[in-house]
Amino acid sequence: MTSREERVENERYFEDYEPGAMRKTLGRTITETDFVVHAGHTGDFFPHHMDAEFCAKSDFGQRIAHGTMTFAIGVGLTATEINPRAFTYGYERLRFPKPVHIGDTIHTTVTIGEKTPDPKRKGFGKVVEITETRKQDGSTVLYCEHILLVEMREPAK
């Protein structure tokens, strides 16, 4: 799903998450406007993102997307499913193995990894979503583990 489609509420408790379950978003093409707007929002006008002449002489040969933009858009693509029983605890193992360029189309796959009861919060468990964003050639441009705190149907004993 993308912004063109309605967001779906999918109420799930900790017990409902199945390791290995996967979903894939639709794609989004990255534009020069994305680069300019993100630079303006963050103040990051580093030449690797904004200076085409500088980048033509670099190993990448062209401008590369801000990692924070790749993260924001890649994770944002997954926000079409809303679970009122869960909220974000954080992200771990964040990596950008390949660059994103203007004109690349990215999509994100979310796979449920491990899940464990949270020892600090009775009635909640942690669910790890393995989040991988790829571009049109199949190469991974973002990898991270999204940790959710999810309400349990039955508190752990």
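Our subject is the structure listed above.
Because the structure is predicted, anything quoted here is derived from the model rather than measured. (Residues numbered from 1 in each chain as written. Predicted model: local features only at pLDDT ≥ 70, side-chain atom pairs only at ≥ 80, totals over all residues. Heavy atoms only, no water.)

**Student:** For the overall build of the protein chain, give the residues involved together with the corresponding values.
**Tutor:** Scanning the protein chain from N- to C-terminus turns up four helices and eight strands. For the protein chain, the succession of helices and strands along the chain, N to C, is β-β-β-α-α-α-α-β-β-β-β-β. Principal-axis analysis of the C-alpha atoms places the extent of the protein chain at approximately 60 × 30 × 30 Å. The buried share among the 157 residues of the protein chain stands at 39%. Across the protein chain, every contact between residues at least 6 apart in sequence was considered, and the portion connecting residues at least 24 apart equals 72%. (Helix = DSSP H or I, 4+ residues; strand = E, 2+ residues; numbered from the N terminus. Buried < 20%, exposed > 50% of the residue type's maximum accessible area, 1.4 Å probe, protein only. Contact = heavy atoms within 4.5 Å.)

**Student:** Describe the packing of aromatic side chains, and please don't skip the residues or the numbers.
**Tutor:** With the rule as written, the count across this model stands at two aromatic pairs. Their ring planes at 85° and their centres at 4.9 Å tell us that F71 and Y91 sit as a pair that is edge-to-face. Of this pair, F71 sits in helix α4 (residues 67–76) while Y91 sits in strand β5 (residues 86–95), placing them 20 residues apart in sequence. Residue class for F71 comes out partly exposed when judged on its relative accessible area of 22%. Where F87 meets F124, the ring centres are 6.2 Å apart and the plane angle is 70°; that geometry is what we call edge-to-face. Linking F87 in strand β5 with F124 in strand β7 (residues 124–135), this pair joins segments that are 37 residues apart in sequence. In this structure F124 comes out as partly exposed when scored by relative accessible area, which is 25%. The ring centre of Y17 lies 4.1 Å from the NZ or CZ of R12, which sits over that ring. Positioned over the ring face of F14 is K115, at 4.9 Å from the centre of the ring. (Phe/Tyr/Trp six-rings, centres within 6.5 Å; stacked < 30°, edge-to-face > 60°. Lys NZ or Arg CZ within 6 Å of the ring centre and 35° of its normal.)

**Student:** For the side chain of H49, give the residues involved together with the corresponding values.
**Tutor:** Relative to the assigned elements, H49 resides in helix α2 (residues 47–50). Engagement of the side chain of H49 in a polar contact is seen with the backbone oxygen of I64, the distance being 2.8 Å. The residues contacting H49, other than those within four sequence positions of it, are F35, D44, R63, I64, A65 and H66. (Polar contact = N/O pair within 3.5 Å; in protein donor to acceptor, adjacent residues only side chain to side chain.)

**Student:** Give a detailed account of the packing of helix α1 (residues 32–42) against α4, specifying residues and quantitative values.
**Tutor:** In the contact formed by α1 and α4, the axes pass within 10 Å of each other and the chain directions differ by 110°. As far as their axial angle goes, α4 and α1 are roughly perpendicular. α4 is crossed by α1, and the crossing has right-handed handedness. Within the contact between the two elements, α1 uses D34, F35 and H38 and α4 uses T68, M69 and I73. (Axes fitted to C-alpha atoms, helices over the stretch in contact; angles between N-to-C directions. Parallel < 35°, antiparallel > 145°, perpendicular 65-115°, else oblique. Left-handed = near helix turned anticlockwise from the far one by under 90°.)

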